[in-house]
Amino acid sequence: NNKYRVEKDSMGSMKVPVDALYGAQTQRAVENFPISGTTFFVEFINAIIIIKRSAAIVNCKLGSLDKSICDVIVNASDKLLADSYEEHFPIDVFQTGSGTSTNMNVNEVISCLATNKKNKKIHPNDHVNMGQSSNDTIPTAINISVALMISEKLLPNISSLIESIKSKEKEFKNI
């Protein structure tokens, strides 16, 4: 029907929602791991996107990735980091031990956005995931996401708390 498209990969065909930016591997994970209904927070997904973006640049500098492919991966990553695409990252936090499903979800979304910008197919494994392992990407993303959350949430909230305490100090200085 019109609500799904058929995506094919090395494991076969999958029905994927027609408006989803992800592909067959993500859809398999959604169906195989409907455990908690809790998805990863945006800082964690953004950390993986930062890793994918950085890897494309490094792989290009090493001569392993064509410059035009690198450029569309970087542009797609930048678009994801700038806009809200949370609905395209539906993987449950409880999944395989190494986070392969989430790693592949990000690869597929970047690949889809990058392919839309270029006539040439940008492959989620061969191009976006080039030279990366989920066993490296996920632990690195944990560290980057913590740094993002400290910078974007903790420090601003601490500053706000300090200002609030200073305000109360002035308000109650005579007490």
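Structure first, text after, so check above.
Remember, it's a predicted structure, so these values are computed and weren't measured experimentally.

How each quantity is defined
- Residues numbered from 1 in each chain as written.
- Predicted model: local features only at pLDDT ≥ 70, side-chain atom pairs only at ≥ 80, totals over all residues.
- Heavy atoms only, no water.
- Salt bridge = Lys/Arg side-chain N within 4 Å of Asp/Glu carboxyl O.
- Helix = DSSP H or I, 4+ residues; strand = E, 2+ residues; numbered from the N terminus.
- Buried < 20%, exposed > 50% of the residue type's maximum accessible area, 1.4 Å probe, protein only.
- Pairing = 2+ DSSP bridges.
- Core = buried A, V, L, I, M, F, W, Y, C linked by side-chain atoms within 4.5 Å.
- Contact = heavy atoms within 4.5 Å.
- Polar contact = N/O pair within 3.5 Å; in protein donor to acceptor, adjacent residues only side chain to side chain.
- Patch = residues over 30% accessible without salt bridge, like charges linked within 9 Å, V, L, I, M, F, W, Y side chains within 5 Å.
- Areas by Shrake-Rupley, 256 points an atom, 1.4 Å probe, with all protein chains shown as cover.
- Axes fitted to C-alpha atoms, helices over the stretch in contact; angles between N-to-C directions.
- Parallel < 35°, antiparallel > 145°, perpendicular 65-115°, else oblique.
- Left-handed = near helix turned anticlockwise from the far one by under 90°.
- Lys, Arg positive; Asp, Glu negative; His and termini not counted.

Enquirer: Tell me what's going on with the pattern of salt bridges, and back it up with residues and numbers.
Expert: Enumeration according to the criterion identifies seven salt bridges in this entry. One salt bridge in this structure joins R28 and D9, with 2.9 Å as the shortest N-O distance. Note that R28 is positioned in helix α1 (residues 24-32) and D9 in strand β1 (residues 4-9), a separation of 19 residues in sequence. In this structure D9 comes out as partly exposed when scored by relative accessible area, which is 25%. Where K79 meets D83, a salt bridge forms, and the shortest distance between an N and an O atom there is 3.7 Å.

Enquirer: Account for the pairing of β1, with residues named and values stated.
Expert: Note: β1 against strand β2 (residues 12-17), six bridges, orientation antiparallel. Residue pairing for β2: E7 is matched across the bridge by M14. What sits between the antiparallel neighbours β1 and β2 is a turn of two residues.

Enquirer: How would you summarise the nonpolar core if you had to cite specific residues and measurements?
Expert: One broad rule of soluble globular proteins: the nonpolar side chains tend to lie buried together. Grouped together as the largest cluster of nonpolar side chains are 35 residues, with contacts concentrated most on I73, L80, F89 and I110. Within the residue set of this core, elements represented by two or more residues are β2, α2 (42-61), α3 (67-82), α4 (100-117) and α6 (134-171). If one sorts the elements of this core by residue count, α2 sits on top with eight residues. Not counting the four nearest positions on each side in its chain, I110 is found in contact with I49, K52, I73, A76, S77, L80 and V128.

Enquirer: Go over the side chain of S111, please, and point to the residues and values.
Expert: Within the element layout of this structure, S111 appears in helix α4. Of the polar contacts made by the side chain of S111, one reaches the backbone oxygen of I122; its length is 2.3 Å. Setting aside its immediate chain neighbours within four residues, S111 contacts K121, I122, H123, P124 and V128.

Enquirer: Talk me through a nonpolar patch on the surface; I want residue IDs and the actual numbers.
Expert: On the surface, I142, V146, I150, L154, L155, I158 and I162 cluster together to form a nonpolar patch covering roughly 570 Å² of accessible area. The exposure class of V146 is partly exposed, given its relative accessible area of 43%.

Enquirer: I'd like a rundown of the packing of α2 against α6, residues and numbers included.
Expert: Angle between the axes and distance between the axes: these two values describe a pair of packed helices. Axis separation between α2 and α6 bottoms out at 8 Å; the angle between their running directions is 120°. As the angle between them shows, α2 and α6 are arranged oblique. Between α2 and α6 lies a crossing whose hand is right-handed. Contact residues: α2 offers E43, F44, N46, A47, I48, I50, I51 and K52, while α6 offers T137, I138, T140, A141, I142, I144, S145, L148, M149, E152 and K153.

Enquirer: Can you tell me about the side chain of E108, naming the residues and giving the values?
Expert: With respect to the element layout, E108 can be found in helix α4. Buried within the structure, E108 lacks any salt-bridge partner; R28 is the closest side chain of opposite charge, at an N-O distance of 6.4 Å. Only 2.8 Å separates the side chain of E108 from the backbone nitrogen of G23, close enough to count as a polar contact. Apart from the residues within four sequence positions on either side, E108 is in contact with L21, Y22, G23, A24, Q25, T26 and P124.

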